[in-house]
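For reference, the chains in residue letters:
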Amino acid sequence: MSAVSDRLPTFPWDKLTPYKATAAAHPDGIVDLSVGTPVDPVPELIQKALVAAADSPGYPTVWGTPELRDAITGWVERRLGARDVTHRHVLPIVGSKELVAWLPTQLGLGPGDRVAFPRLAYPTYEVGARLARAAYEAYDDPTELDPEGLKLLWLNSPSNPTGKVLGKEELTRIVAWARAHGVLVFSDECYLELGWEADPVSVLHPDVNGGSYDGIVSVHSLSKRSNLAGYRAAFLAGDPAVLGPLLEIRKHGGMMTSAPTQAAVVAALGDDEHVRVQRERYAARRALLREALLAHGFRIEHSEASLYLWATRGESCWDTVAHLAERGILVAPGDFYGPAGERFVRVALTATDERVAAAVRRL
């Protein structure tokens, strides 16, 4: 066991424990803006779908019910502008983090192979490479990477943690470069429906991929857009030549979404109104926190989409974490996402209106 665990970095969130204790000691209680876990209710129509499917004594399938695949293909075409999407182009997954962590292993990558991800990025991209014993590197512009041995290229737009959005032209350029060099592209688009000052575009859009899904797969999650983090509900869409073998591997591994969750996802993807309502909640919280942080002396970079504000006071991120913890506010240090984030903090919008108002007062 230690041979596997020794490949991994220290779990980053454990480092926040003393700062969380400081914030929790505030007389008015902690305002936790660190992890980014949803706090608003699961929409009623989704809860009803889950309950209606509660009597599910048999094993679910890894590929999901035909109704689930219909819901995914319909949403991908309606929301992302994708065309000619069939059941072969989609695959349910058990939350997106599971996929990110185990994808290099499931692709058969190992020593001698390389995985690349953005300079500032979700730490699990690196964890996935480490678990597979593959080499890994961070990039500013992926087209400047040496393509030799590069087997998996992660894109992330909108970005976690920065909220940066890759425009249509930039995505088109990157996809063309990857195809020219035989590099598989996985695009993490879990925050795509949360654009504020930009309109995020998927790699599945024909203007980006030229009408072909060869060598590209997008990753989508219902955790944030539908408050379903507790359901572990996500899916892939893209190249059937990639998803077909992944499906077979995941069958052997028993990586199946529960039957009630599958029914809940069908309901969630078929309804756009609850997404609009949740967007309005986050937009209001974002406006309040952004104004308060700026007035407190912060500078905010990017943050044109996603559920975070990428903020700096021009000092070590840990000094900023300590400064805010003394005011009962817990945020994530930027170096969780790479050395380039050492002077930033990530401020999540995922707190109740009451807790956001408390943070604003303290700032």
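All residue numbers refer to position in the chain's written sequence, counted from 1. pLDDT decides what is reported in this predicted model: residues at 70 or higher carry local features, side-chain atom pairs at 80 or more are listed and counted, and totals for whole chains, interfaces and linings draw on all residues regardless. With hydrogens and water set aside, each side-chain value is computed from the structure's full complement of heavy atoms.

Let us look at the sheet that holds strand β7 (residues 216–221). If DSSP finds at least two bridges between two strands, the strands pair. Numbered from the N terminus, helices here are DSSP runs of H or I no shorter than four residues, and strands are runs of E no shorter than two. Strand order in this open sheet of 7 strands is β2-β8-β7-β6-β5-β3-β4, and the pairing throughout is mixed. Looking at strand neighbours, the two that pair on one side only are β2 (90–93) and β4 (135–139), the edges of this open sheet. The mean angle between the axes of side-by-side strands here comes to 20 degrees, regardless of whether they run parallel or antiparallel. The pairing of strand β3 (residues 114–118) with β4 spans 5 bridges and is classified as parallel. Residue P118 lies in a different strand from β4, and its bridge partner there is Y139. Here, two residues are considered to be in contact whenever any of their heavy atoms come within 4.5 Å of each other. Comment: axis = line fitted to C-alpha atoms, over the contacting stretch for helices; angle = value between 0 and 180 degrees taken between N-to-C directions. With respect to the sheet, helix α5 (residues 96–106) is in contact with β2, β5 (150–156), β6 (184–188), β7 and β8 (234–238), its orientation differing from that of β5 by roughly 160 degrees.

Ring geometry is summarised as follows: Phe, Tyr and Trp rings, the Trp one being its six-membered ring, pair when their centres sit within 6.5 Å, and such pairs are stacked at plane angles under 30 degrees, edge-to-face over 60 and tilted between the two. Considering all chains together, one arrives at 13 aromatic pairs under this definition. The interplanar angle of 20 degrees and the centroid separation of 6.2 Å between the aromatic rings of F117 and Y136 together place this pair among those described as stacked. Here the residue F117 occupies a position in strand β3, and Y136 occupies one in strand β4, the gap between them amounting to 19 residues. Measuring from centroid to centroid gives 6.4 Å for F336 and Y337, while their planes differ by 55 degrees, and the two rings are tilted. Y337 carries the same exposure label as F336, and that label is buried. In textbook terms, an aromatic cluster arises when at least three aromatic residues are bridged by ring pairs, as seen for W13, Y19, W310, W318, F336, Y337 and F344. Across from the ring centre of W63, 3.8 Å away, lies the NZ or CZ of R69, which sits over that ring. Each residue's exposure class comes from its accessible area (1.4 Å probe, protein chains only) as a fraction of the maximum for that residue type: buried when under 20%, exposed when over 50%, partly exposed otherwise. Throughout this description, the term charge over a ring refers to an Arg CZ or Lys NZ atom that lies within 6 Å of the ring centre and within 35 degrees of the ring normal.

Before going further, it helps to spend a moment on the pattern of salt bridges. For this document, the term salt bridge refers to a Lys or Arg side-chain nitrogen within 4 Å of an Asp or Glu carboxyl oxygen. By the definition in use, this model includes 25 salt bridges. Put simply, R362 and D28 hold a salt bridge, and the shortest N to O gap is 3.1 Å. Here R362, found in helix α13 (residues 353–362), pairs with D28, found in the loop between α2 (17–24) and β1 (31–33); they are 334 residues apart in sequence, far enough to count as distant. Of the charged contacts, one joins R173 and D141 as a salt bridge, the two residues approaching to 3.4 Å between their closest N and O atoms. Separated by 32 residues along the polypeptide, R173 in helix α7 (residues 168–180) and D141 in the loop between β4 and β5 bring together distant segments of the chain. Judged by relative accessible area, R173 falls into the partly exposed class, the value being 36%. Each of D28, E354, R355, R361 and R362 takes part in one network of salt bridges that share partners.

Turning to the pairing of β6, a few remarks are in order. Taken across its 5 residues, β6 has 5 buried, putting it largely inside the fold. Side chains L184, F186 and D188 of β6 all project onto a buried face; the interleaved residues V185 and S187 project onto the opposite face, where all are buried too. By the bridge criterion, 5 bridges tie β5 to β6 in an arrangement that is parallel. In the strand pairing of β6, L152 is matched with L184. Seen with its strands pointing away from the viewer, a crossover is right-handed if its path from the first strand over the helix to the second goes clockwise. Running through α7, the crossover from β5 to the neighbouring parallel element β6 is right-handed. Where β6 meets β7, 4 bridges bridge the pair, whose relative direction is parallel. Looking at β7, one finds that V185 is bridged to I216.

Tracing the backbone through its elements, the reader meets D40 in the loop between β1 and α3 (44–52). Relative accessible area serves as the criterion here: at 12%, D40 is assigned to the buried category. Residues adjacent in sequence count toward polar contacts only when both atoms are side-chain atoms; beyond that, a polar contact is any pair of N or O atoms within 3.5 Å, and within protein one must be able to donate a hydrogen and the other to accept it. Of the polar contacts made by the side chain of D40, one reaches the side chain of Q278; its length is 2.7 Å. Within the structure, D40 has its side chain in polar contact with the side chain of R285 (distance 2.8 Å).

The next point concerns the sheet that holds strand β10 (residues 308–312). Paired through their backbone hydrogen bonds, the strands of a sheet run either parallel or antiparallel. Strand order in the open sheet formed by 5 strands is β1-β11-β12-β10-β9, and the pairing between neighbours is mixed. In this open sheet, the two strands that pair with only one neighbour each are β1 and β9 (299–301). Along the sheet, successive strands turn relative to each other by an average axial angle of 40 degrees, direction set aside. In this sheet, strand β12 (residues 345–348) lies alongside β10 in antiparallel orientation, the contact comprising 4 bridges.

Attention now moves to α7. Here the expected span of a helix is defined as 1.5 Å times the quantity of residues minus one. Here α7 spans 18 Å end to end across 13 residues, near enough to the 18 Å set by a 1.5 Å rise per residue. Those residues of α7 that sit buried are L171, I174, V175, W177 and A178. All buried residues of α7 lie within an arc of 160 degrees about the axis, which places them on one face of the element. Turned more than 90 degrees from where α7 packs its buried face, E169 and A180 sit exposed. In this structure, the buried residues of α7 make contact with β5, β6, α8 (206–209) and β7. Looking one or two residues past α7, G182 carries a phi angle of roughly 65 degrees, positive in sign. Picture the helix axis, draw a direction to every C-beta atom, and the arc is the one those directions span.

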